[in-house]
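Here are the chains, one letter per residue:
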Amino acid sequence: MKAVVIGSGPNGLAGAIELARAGLEVEVHEAESELGGGLSSSELTLPGFVHDVCSAIHPLGVASPAFRELELDVEWVHPDAPAAHPFDDGNALLLERDVESTARQLGADAAAYRSLIEPLVGAWEDLAPLLLGPHPVSPKALLVLRGRLHSLRAALSAARPLVESRFGSERTRAWLAGFAGHSMLPLERRPSAGFCLALLVLGHVVGWPFPRGGAQTFADALAARLREVGGDIHTGSPVDDLPAADVVLADVAPRELLRLAGGRFPDGYEGRLRAYRHGPGAFKVDWALDGPIPWQAEECARAGTVHLGGSFEEISASEWGAWSGRPAGKPFVLLAQTSLFDPSRVPEGKQAAWAYCHVPNDSSEDMMERIEAQVERFAPGFRELILARHTLGPAELQAHNRNLVGGDLNGGAMDLGQLLFRPARRLVPYRTPLRGVYLCSASTPPGGGVHGMCGYSAARVALKDLRAEASRYRRPRSSRP
Ligand SMILES: Cc1cc2nc3c(=O)[nH]c(=O)nc-3n(C[C@H](O)[C@H](O)[C@H](O)COP(=O)(O)OP(=O)(O)OC[C@H]3O[C@@H](n4cnc5c(N)ncnc54)[C@H](O)[C@@H]3O)c2cc1C
């Protein structure tokens, strides 16, 4: 039995490994010259500075049931604290690994934080299958929701009502807005609160680590595991038509799937893929630095990720702008300083930093100055440390990886309508109407992020279909329908 996987992102590779482990002969075809899709690193600025081109921080990678069971050869680096949020007065709030040290910083909001987060942290093992899959979620996995409907309601709500109804301090609200901002949704839109809760809980349960040496080492470890189980990978091999194989897993955007299918889908499915919505894009900057970022709030140096947005209202305005077509004057910036904890990425005595903000899909606005102004605001003297910089706007991101449509890094907007039903309302979203052809990219559940669970889930559906077909074929002729 032969399987072809189109695209070598984390989902393509996870799906390919699952198929190869089941005994299929697997070939992966990757359009770009490097494998890994959103898992790649490169010397974007100066020789010796390794920058993550797309993803940098991988809580979902360590939490992923698919990757956990592979026991990959990746060395995870854990910063002292997952994330920090500096304020204009020179102080900061940190997400710490344990709930208590985090809650203690929140003053009068400490009890509200404990009561919201502790039950979710305690129930993580039960909740992970709902969040990450494998999808479609089994009825047994749904049973964990019994008695936890209040948590489900909170997770499905928008960040603003959740935060305003439970937390009194402006600082706590601003700090929480930073986590909700990862949703790339307006904070008034559901389920932005769910992203906030999931990222906080992941910080407490698994941390927000990153692979030593850069994201590419994670992709290379997946590729090595695939080769161990007999799979082949061809880079520089764009696919322009659906290949003939028993199973085709497409780690591609819905519109690319339409192109590959070349009119073979029924009108209804084709219409639904055409109606699929992409979310805001990203504008990214990487810096080679002469030293560590001089945070005014020194404790920011303990965190791998720093959220630069000041207040709740500023972050909310930035996300509304990106959603509704107006790039923010003061964008909410997500910054990673991985080399502080992993010196193998930079020449001795130097540092690097990675940052991006959300912009309207396909925006051509240059956000570099605005992003640097936000870093300088909380780290005066930052600009003087810049040795070189490299920027990637939505068009360049899409040119680097055609799945990043208009710079959308989640493979499609992750609002309530498209969270579970992606790319279309179907019981099993991975199956397409064409026999043996499955979509397995972040445009399927559970969506964006480096977890490989879209690929893993799609491969399991494909294997189940193959088994069902084989058992139909084995049945005596008289009992066949
Ligand atoms: C700037 C940025 C920052 C991010 N930060 C994080 C982060 O810190 N943590 C995190 O978890 N996630 C992050 N993400 C998101 C994450 O990278 C993606 O959600 C994830 O990579 C999606 O995986 P995928 O396998 O679905 O697709 P991708 O990783 O996009 O891979 C798809 C692959 O398919 C290939 N392909 C497409 N069409 C074809 C074709 N026709 N023929 C052959 N090959 C094809 C592409 O070239 C690509 O290599 C970030 C993304 C970006 C862009």
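Each remark here, short or long, concerns the structure printed above.
Note that the structure is predicted; figures quoted are calculated from it, not measured.

## Examining unusual backbone geometry
Cis geometry is adopted by the peptide bond preceding Pro 423, which originates at Arg 422 and carries an omega value of 5°. Inspection of the secondary structure puts Pro 423 in the loop between helix 18 (416-419) and strand 16 (437-439). Each neighbour pair has its own omega, and for Pro 445 with Pro 446 the value is 5°, a cis peptide bond. Residue placement: Pro 446 occurs in the loop between strand 16 and helix 19 (453-474). Backbone geometry places Met 184, a non-glycine residue, at a positive phi of 60°. Within the element layout of this structure, Met 184 appears in the loop between helix 10 (170-180) and helix 11 (192-205). Of note, the phi angle at Asp 362 is positive, near 65°, even though the residue is not glycine. Among the structural elements, Asp 362 can be located in the loop between strand 14 (351-359) and helix 16 (368-378).

## Concerning the nonpolar core
Of all hydrophobic cores here, the largest spans 68 residues; its most connected members are Tyr 113, Trp 175, Phe 179 and Leu 200. For this core, the element with the highest residue contribution is helix 11, accounting for seven residues.

## Description of the pattern of salt bridges
Under the criterion given, the structure shown has 31 salt bridges. Ionic pairing is found between Arg 345 and Asp 342, a salt bridge with its closest N-O pair at 2.8 Å. When sorted by exposure, Arg 345 lands in the same class as Asp 342, which is buried. In this structure, Glu 469 and Arg 435 form a salt bridge, with 2.6 Å as the shortest nitrogen-oxygen distance. Note that Glu 469 is positioned in helix 19 and Arg 435 in the loop between helix 18 and strand 16, a separation of 34 residues in sequence.

## Examining the sheet that holds strand 2 (residues 25-29)
Spatially, five strands are ordered 9-2-1-10-16 in an open sheet, and the strand pairing comes out parallel. A strand with exactly one partner marks an edge of an open sheet, and here the two such strands are strand 9 (232-234) and strand 16. Geometrically, the sheet is characterised by an average inter-axis angle of 20° between neighbouring strands, direction not taken into account. As defined by bridge partners, strand 1 (residues 2-6) adjoins strand 2 across five bridges and the pair is classed as parallel. Its bridge partner lying in strand 2, Val 5 is registered against Val 28.

## Considering the site of the ligand
In the neighbourhood of the ligand, 36 residues make up the surrounding shell, with Glu 30, Gly 38, Glu 256, Asn 401 and Gly 449 lying closest. One of the side-chain nitrogen or oxygen atoms of Asn 11 is found 2.8 Å away from an oxygen atom of the ligand. Between Ala 31 and the ligand, the recorded distance is 3.0 Å, taken from a backbone N or O atom to a nitrogen atom. Here the ligand has 1,000 Å² of accessible area as a free molecule, and 95% of this is covered by the chains. For the shell around the ligand, the secondary-structure elements that each account for two or more residues are helix 1 (10-21) and strand 14. Considering every element that reaches the shell around the ligand, the biggest residue donor is helix 1, with three residues.

## Considerations on helix 12 (residues 215-228)
Side chains three or four residues apart in an α-helix point the same way, a direct result of the helix having 3.6 residues per turn. Relative to the 20 Å expected for 14 residues at 1.5 Å per residue, helix 12 spans 20 Å between its end C-alpha atoms, a close match to the ideal helical length. For helix 12, every residue scored as buried is listed here: Ala 215, Gln 216, Phe 218, Ala 219, Ala 221, Leu 222, Ala 223 and Leu 226. Positive backbone phi, approximately 100°, marks Gly 230, located one or two places after helix 12.

## Some words on the environment of His 278
Looking at the element boundaries, His 278 is found in the loop between helix 14 (267-274) and strand 11 (281-289). Ignoring sequence-local partners within four residues, the contact set of His 278 consists of Asn 361, Val 405, Asp 408, Gly 411, Gly 412 and Ala 413. Here Asp 408 takes part through its side chain, which lies 2.8 Å from a polar atom of the side chain of His 278.

## Describing the pairing of strand 1
In terms of residue burial, strand 1 counts as a mostly covered element, since four of its five residues are buried. One crossover worth recording links strand 1 to the parallel strand 2 by way of helix 1, and it is right-handed. As paired elements, strand 1 and strand 10 (residues 247-250) share four bridges and run parallel to each other. If you follow Ala 3 over to strand 10, its bridge partner there is Val 247.

## Focus: the side chain of His 85
Mapped onto the secondary structure, His 85 falls in strand 6 (residues 81-86). There is a polar contact of 2.8 Å between the side chain of His 85 and the backbone oxygen of Gly 310.

## Points about the sheet that holds strand 11
Spatially, 7-6-12-13-14-11-15 is the arrangement adopted by the seven strands of the open sheet, whose pairing is mixed. Looking along the sheet, the strands with just one partner apiece sit at the ends: strand 7 (92-95) and strand 15 (386-392). Each adjacent strand pair in this sheet contributes to an overall mean axis angle of 20°, direction not counted. The pairing of strand 11 with strand 14 spans nine bridges and is antiparallel. Bridging across to strand 14, Trp 287 finds its partner in Ala 353.

Criteria and cut-off values
- Residues numbered from 1 in each chain as written.
- Predicted model: local features only at pLDDT ≥ 70, side-chain atom pairs only at ≥ 80, totals over all residues.
- Heavy atoms only, no water.
- Helix = DSSP H or I, 4+ residues; strand = E, 2+ residues; numbered from the N terminus.
- Core = buried A, V, L, I, M, F, W, Y, C linked by side-chain atoms within 4.5 Å.
- Buried < 20%, exposed > 50% of the residue type's maximum accessible area, 1.4 Å probe, protein only.
- Salt bridge = Lys/Arg side-chain N within 4 Å of Asp/Glu carboxyl O.
- Pairing = 2+ DSSP bridges.
- Axes fitted to C-alpha atoms, helices over the stretch in contact; angles between N-to-C directions.
- Near = heavy atom within 4 Å.
- Polar contact = N/O pair within 3.5 Å; in protein donor to acceptor, adjacent residues only side chain to side chain.
- Areas by Shrake-Rupley, 256 points an atom, 1.4 Å probe, with all protein chains shown as cover.
- Expected span 1.5 Å × (residues − 1).
- Contact = heavy atoms within 4.5 Å.
- Right-handed = clockwise from strand over helix to strand, strands pointing away.

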